[in-house]
Structure formats: structure tokens, C-alpha cells
Amino acid sequence: MNIPALYHSVILWIGDGTGLPDAILHIHAGLIILMLMRLVSGRSLGTLIPLLVVVLAELGNETLDYLNYGMRWADTLSDIGNTIFWPLVISLGVRLRPMVRRDQTVR
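Residues numbered from 1 in each chain as written. Predicted model: local features only at pLDDT ≥ 70, side-chain atom pairs only at ≥ 80, totals over all residues. Heavy atoms only, no water.

Caption draft 1: Structural view of the overall build of the chain. In terms of helices and strands, the chain carries four helices and zero strands. Along the chain direction, N to C, the helices and strands of the chain fall in the order α-α-α-α. In terms of principal-axis extent, the alpha carbons of the chain reach across some 55 × 25 × 25 Å. For the chain, the proportion of its 107 residues judged to be buried stands at 21%. Taking the intrachain contacts of the chain between residues at least 6 apart in sequence as the baseline, contacts between residues at least 24 apart amount to 66%. (Helix = DSSP H or I, 4+ residues; strand = E, 2+ residues; numbered from the N terminus. Buried < 20%, exposed > 50% of the residue type's maximum accessible area, 1.4 Å probe, protein only. Contact = heavy atoms within 4.5 Å.)

Here it is as C-alpha cells:
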């Protein structure tokens, strides 16, 4: 069984089924993984653990792409940027400026 080819066929099926371009699918995938890990782990987005899972998932995706297609730097860098950008912004935003509890006053 050729796992990279099977993985690629599933990705093509998702793209064809949604009609969305690859870049948008990467953005959605990054955000879905971030939120799922937040819910599953129970950790705040400020802990960077959900972000780390997004990064690891994208590295796994790009490894499977490499095994199926070979190295395509422009596509790889674009995919990494699209997948990680918004999860990184959200995680850094929460980490740098956490929410204030309602029973605390802001000074």
C-alpha cells in the first residue's frame, strides 16, 4: 500500500468535494486542528501546545507530499505559511494579552 498516494487521493477528494482552492483548505485545516487541540487538551491557546500540534500536523502533511511528489519548494513554503499563519497569530495574541476575568478590574 502506497500511503502517500492514498493520502493524496483523500486530499484531492476533499478539495474536489468542497470546491475550495488548496490555499484556503490549508488555512481551514490549520484553524480546525488548533481549535480541536484546544478542546481535546483543555489547554489554553496561550500554552502554545495547540499551535505545536498544528505545526507537527503540517510537517506530516508536507512529508507525505514530498514522498508523493518530490520537493517543490514554492508549494511547500506556501502550504506551511497558509497553515500556520492564523494559528500562530491567535496563539501569540492570547499568550501576549490573556483575557481578564470578569471579577477582576482592569487597571
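Resuming the write-up.
Caption draft 2: A nonpolar patch on the surface, seen in detail. Together, M1, I3, L6, V10, I11, W13 and I14 make up a nonpolar patch on the protein surface, roughly 770 Å² of accessible area in all. Along the polypeptide, I11 turns up in helix α1 (residues 3-18). (Patch = residues over 30% accessible without salt bridge, like charges linked within 9 Å, V, L, I, M, F, W, Y side chains within 5 Å. Areas by Shrake-Rupley, 256 points an atom, 1.4 Å probe, with all protein chains shown as cover. Salt bridge = Lys/Arg side-chain N within 4 Å of Asp/Glu carboxyl O.)

Caption draft 3: Highlighting helix α3 (residues 49-69). Look at α3: 30 Å from first C-alpha to last across 21 residues, which is about the 30 Å you get at 1.5 Å a residue. By the burial criterion, the buried members of α3 are P50, L51, V54, E58, N61, E62 and D65. Taken down its axis, α3 places every buried residue within 115 degrees of arc, on the same side. Facing away from the buried surface of α3 by more than 90 degrees, the exposed residues are L56 and L67. If you follow the buried residues of α3, they end up packed against α1, α2 (22-41) and α4 (73-96). Positioned one or two residues after α3, G70 has a phi angle of 90 degrees, which is positive. (Expected span 1.5 Å × (residues − 1). Arc of directions from axis to C-beta.)

Caption draft 4: Up close: empty space enclosed by the protein. In this structure the tally under the stated criterion is one cavity of 30 Å³ or more. As a volume, the largest cavity reaches approximately 30 Å³. What lines the largest cavity is E62, D65, Y66, Y69, G70, R72, D75 and T76. Contributing elements (two or more residues each) for the lining of the largest cavity: α3 and α4. (1 Å grid on protein atoms, 1.4 Å probe; cavity = no way out; pocket = protein on both sides within 12 Å on 5 of 7 lines; lining within 4 Å. Points joined across faces, edges and corners; volume = space filled by probe spheres on them.)

Caption draft 5: A look at α4. Taking 1.5 Å per residue as the helical rise, α4 with its 24 residues ought to reach 34 Å, and the 32 Å between its terminal C-alpha atoms agrees with that figure. By the largest-angle criterion, I84 marks the main kink of α4, which is about 35 degrees, and a proline, P87, follows within four residues. Within α4 the residues assigned to the buried category are T76, D79, T83, I84, P87 and S91. Elements in contact with the buried residues of α4: α2 and α3. (Bend = angle between axes of the 7 residues up to and from the residue.)

Caption draft 6: Seen up close, the packing of aromatic side chains. The tally for this structure, following the rule as stated, stands at one aromatic pair. Here R72 stacks its cationic end above the ring of Y69, 4.1 Å away from the centre of that ring. (Phe/Tyr/Trp six-rings, centres within 6.5 Å; stacked < 30°, edge-to-face > 60°. Lys NZ or Arg CZ within 6 Å of the ring centre and 35° of its normal.)

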